[in-house]
Structure formats: structure tokens, C-alpha cells
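Remarks on the overall topology
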Amino acid sequence: MVGREWVVCLVLSLVVAVPTAQAQSKNPAAQAAKQKADGLAGSNADGAAAGYAEALKADPSFFEAAMALGELEFNRDRYTPAADAFYTAVQLRPNDGSARYNFAYALRKAGRFPEAVENYRVYTQIKPRDPDGYFGLAESEVAAGMKKEAVGDYKRYIELEKRPTEQEWVQKARASMEKIEKELKELAAAPPPAAKPAAQPQPAAQPQPAAQPQPAAQPQPAAQPQPAAQPQPAAQPQPAAQPQPAAQPQPAAQPQPAAQPQPAAQPQPAAQPQPATPAQAEPAAPAAQPLPPPTSAPATPDGQQAAKQSLKDGDAYLGAKNFPKALGAYRHAIEQDPRSEEAFFKLGLGSAQAGDFGGATAAFERVLYLNPNNTAAKQNLERARSRLGAAARAAGDQSFELAEAAFNKGAQKMANHDYVGALASFDEALRYRQDFALCYVARGTVFVSLRDYRRAVSEYNKALTFDATLSSPYFGMAEVYRLSGDRQSAMSYYQRFLASNGRDKDAATTERAQRWMAELSK
């Protein structure tokens, strides 16, 4: 009952937080449809949902209609449709705090915990002083099996939460954190397994057969405590980290993922060296166990069949240029079969054709996470990144160039062992481009050198959140564990690094990883 009451408060606060002046669309038909839906919301939820959908069809850029639809669906416990609506809002305004938070929370309520983790992490970057983001992140991490990460985020929540009305939740967070810490200590004290360290499970980044992928819904315990009276940030647009350019169709005739050959598990390194290669240091044990981007179990036969039908529906909608329904069908296919490489690939193509190059970039990165040797996905990923940058420059957005310049300054300072100055430059780069994944890797490297291992691990995980195709975060986390004496964890992450095929992987770092693997295997 408490969780349900809190949901009502959430929705009411969001409605109040959206200024009326922002709810206007330049499309009269879209505005009329939304006004009609607003009138129906209290008495005819189905009619209101249809009205908001009609408004979005008339004006796909109608942010307020997407938010209203998400709030409506969320308030009647329809969390998957709510997540779809909030996803639309997030694509329109990637740095809007209300949209990002509600997207993460809807994913969490839908049981899609790994995706919720990713989006809560983004929210904590947008609103780093909001305690509720860390509570939601910690709860999602627990449900996703990421208990060591959850400890750190519970601690951050407890540190930030000063509201007298929320102290009950502080106590619950503290109890959950202490329980996890006790479990982890007992696990650490248990006798080590008899197997040799070299027998670590293969990393998630290993090339997989064509239909292997990214997680959506993992069944988890349902009754997670909810924070009371969640205040939502105002739905003011933030500086866009992912500019939304005008629609420029992406070439759709790329080979499909199913036809990609599967080579051996040691891909060739990219020719671009990573300036943020983790430095040598002598750390103590890290506070949080890093995990690679999450995976999920294969779909059931029924799920695979449903996914195939959704892919067919998506193809039909895409052929008719009905991008919202096409993308919705592809996302539904991913929900049914979260290891479908083809579904992520088609989501990338559809997003690109709709002009959402940020969404296309994320989808093609997912394909390459599942299958690093998908040539078509690599080519489309580079095109999407190029279009994203070109669109930002055409709009007068110089953030790419400014972020790169600040990053290069930081890399030079880091090479000169000026770690404080390097962090200042990297922070400057992230102010221009919050999604600058390599900058998080560089920050992680600095924190390793400063022997702040918990923050190093956190930065490497942030890098993977923004770009799951990178290789260097795995190397950085391997270094943390090697230098802290955790041989098994170190070997596991060196294996992940060697099996990856990121654009930031270079020959020198590969040689170091191979050398340490051989040394640790003795």
C-alpha cells in the first residue's frame, strides 16, 4: 500500500512540475488531442491513452504528451507501456531529470532491472545531489544481483537523505546495506573453490551466436521498498547530451546480424590507442565488485516466436515510415527475446531512419556487445556517431570539440602525474559532454593512481553504461583487482578485456593483459 500511495504522489508531482507554457505544441491537431486526453484522464484512462498516442502521432516531438502518457500508464500499473512512453520522452530530452527518473522507475517496476540500473546511473549524473536516484539505483542493483555495487549506492543515499519525513527509508536502506555487507563478508570468508583461477567463466563480451543479447526483464523478488513522496525535478530541458537532429534516413540494406560469421574469441585490437590506459599502482581491496553490462537467460520458445512476430510487425511499420510503431515493435521483440541480436540491429536501423542517432548509437553498441564481429553493426555505429556529431555541429553545438580539447588537456596532465589537474580537465570535458565514455575511463585511471579504488570502479562502470563496446574499462578493473591481490577477479577481467574488440583497445595494453594473465596463472 505504501508503494502504491507513493506512485500517486509521484504522478501528481510530475503533473504539477510541467509548466503550462511548455505543454503547447506547434501542431494544432496534436495540441487538441492532448487537451482532449487531459480531460479524459480522470474518468476514461483508455480514451486518454489513445488521445495522448494520437497527439504523439500528429507531433512526434511532443515531449509533454509522451510524459503525460507515461504518467497515465504508470498510475494504472501498466509499467511496460509507461516505460515505452517515458523512453520516447527521454529520446526527445535526454537530460531531462523527470523523464530520465520516471523511465528508470518504470523499468524497475516492470522488472527490467539491468535497464533500470543503467538509467538510474544516468539520472545520478544529471541530479547528483538527489538522494532518491541512489535509492532507486541500489534497489535495482540488488534485484539484478549486483549487491556489491548496491552497498555503495545505499551509502550515498544515506549520506544525502536529510529530509525528516524520509528517515524511515534511511533506516530501511541501512538495514539492507548491513545485511548485504554481512553476506559478502561470509562469502569472502568461505574456503576458495578447488578450481584453478584460469577456469573463470568467459566474459560477457565473448562473440555469441547470432541470437544472443542484452537483458530486459529478469525475474526478481517483487516487494522492494519504495521511497515515500518522491519529489520530481521540474521537467525543464537540460543541456542535451544527445542532440536530436532532423530525420536523415539510415541505409537499411545492411546485412542482418544472423549472417555474421563467428571468429575465434581473440579479436584484433583497434588501431586507436586509449590515452587513459590504467596506470600502475598499489591499491588496497576495492569496495565494490564491478560487473560487466548485464546479460539474461535465453528466451523461451514462446518468447522467441513472439519476438519474431514483433520483428515482422516492426518491418511492416518501418516500410510504411511509421517510426514510433516500428520502434515500439522492435523494443517489444527485445522484451520477448532479450538476446536477439537481430532485434537490437533493427532497432538501430529504425532509430537512425527516424533521425534518432543517439538511440541508433545505443542499439548498435548493444549488437556489438552481443557479437563484437558484426561488421554491419560496426559500420552503422560509426555512421550514427558521425551523424550525431554532424547534427550537433550544424546546430551550433560545439560541445564535441570543447569536450575533446578538455579531455586532451587532462590526458597530458595525467601523463605528467598532475592528477588533480587531470581530474579538473576531465570534469570540464564531462560538463560539455556527459556521455563522453572515454572520459570516465580516464577518471577511473586517475583514481587508481590516487588509490581511490571504489571511485575507480564506479568510473569504469559509468564508462560501460554510456558505451558497452569499450575494452579499456575491463582492463582498468583487472588492474584494480590484480594490485589488490584478488587474483581470480583480476584474471576474469583480463579475460574480458582480451575477448573484447573495442575501438579503444591497443596492442601495448593487449600485451600487458596477456603477460599478467600468464603470470597469474602460475
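Quick look at the structure, then. (Residues numbered from 1 in each chain as written. Predicted model: local features only at pLDDT ≥ 70, side-chain atom pairs only at ≥ 80, totals over all residues. Heavy atoms only, no water.)

1. Examining the overall build of the protein
The helix and strand inventory of the protein stands at 22 helices and zero strands. If you take every contact in the protein between residues at least 6 apart in sequence, the share linking residues at least 24 apart comes to 70%. (Helix = DSSP H or I, 4+ residues; strand = E, 2+ residues; numbered from the N terminus. Contact = heavy atoms within 4.5 Å.)

2. Focus: helix H21 (residues 487–499)
When the terminal C-alpha atoms of H21 are compared, their 18 Å separation across 13 residues agrees well with the 18 Å that a helix rising 1.5 Å per residue should span. Here H21 lies mainly inside the structure; eleven of its 13 residues are buried. If you check which residues of H21 are buried, you get Ser-489, Ala-490, Met-491, Ser-492, Tyr-493, Tyr-494, Gln-495, Arg-496, Phe-497, Leu-498 and Ala-499. Here the buried face of H21 lies against helix H20 (472–483) and helix H22 (507–520). (Expected span 1.5 Å × (residues − 1). Buried < 20%, exposed > 50% of the residue type's maximum accessible area, 1.4 Å probe, protein only.)

3. Observations regarding the pattern of salt bridges
Under the counting rule described, the total for this entry stands at 25 salt bridges. As a salt-bridge pair, Arg-76 and Asp-46 come within 2.6 Å of each other at their nearest N and O atoms. Taken as a pair, Arg-76 in the loop between helix H4 (63–75) and helix H5 (79–92) and Asp-46 in helix H3 (residues 45–58) lie far apart in primary sequence, 30 residues in all. Residue classification places Arg-76 among the partly exposed residues on the basis of a relative accessible area of 25%. Taking the relative accessible area as the measure of exposure, Asp-46 reaches 54% and is therefore exposed. Among the salt bridges present, the one from Glu-159 reaches Arg-156, with a minimum N-O distance of 3.2 Å. With Glu-159 and Arg-156 both in helix H9 (residues 147–160) and three residues apart, the pair spans about one turn of that helix. Given a relative accessible area of 27%, Arg-156 falls into the partly exposed group. Salt bridges linked by common partners bring Asp-46, Glu-73, Arg-76 and Arg-78 together as one network. (Salt bridge = Lys/Arg side-chain N within 4 Å of Asp/Glu carboxyl O.)

4. Focus: unusual backbone geometry
One non-glycine residue with positive phi stands out, namely Asp-77, at about 65°. One can find Asp-77 in the loop between H4 and H5. The partly exposed category is assigned to Asp-77, whose relative accessible area is 37%. Even without a glycine there, the phi angle at Arg-451 is positive, about 65°. Looking at where Arg-451 falls in the secondary structure, it is placed in the loop between helix H18 (437–449) and helix H19 (453–466).

5. Here's the deal with helix H12 (residues 323–336)
For H12, which comprises 14 residues, the first-to-last C-alpha distance of 20 Å matches the rise-based estimate of 20 Å (1.5 Å per residue) to within 8%. Of the positions making up H12, those classed as buried are Phe-323, Ala-326, Leu-327, Ala-329, Tyr-330, Arg-331, Ala-333, Ile-334 and Glu-335. Check the buried side of H12 and you find it contacts H5, helix H11 (301–319) and helix H13 (341–353). A side-chain oxygen of the first residue of H12 lies 3.4 Å from the backbone nitrogen of Lys-325; this N-cap is Asn-322. (Polar contact = N/O pair within 3.5 Å; in protein donor to acceptor, adjacent residues only side chain to side chain.)

6. Observations concerning the nonpolar core
Counting 74 residues, the largest nonpolar core has Phe-407, Phe-426, Phe-436 and Tyr-494 as its most contacted members. Core analysis: the second largest hydrophobic core is formed by 41 residues, Tyr-79, Ala-85, Leu-107 and Ala-116 among them. (Core = buried A, V, L, I, M, F, W, Y, C linked by side-chain atoms within 4.5 Å.)

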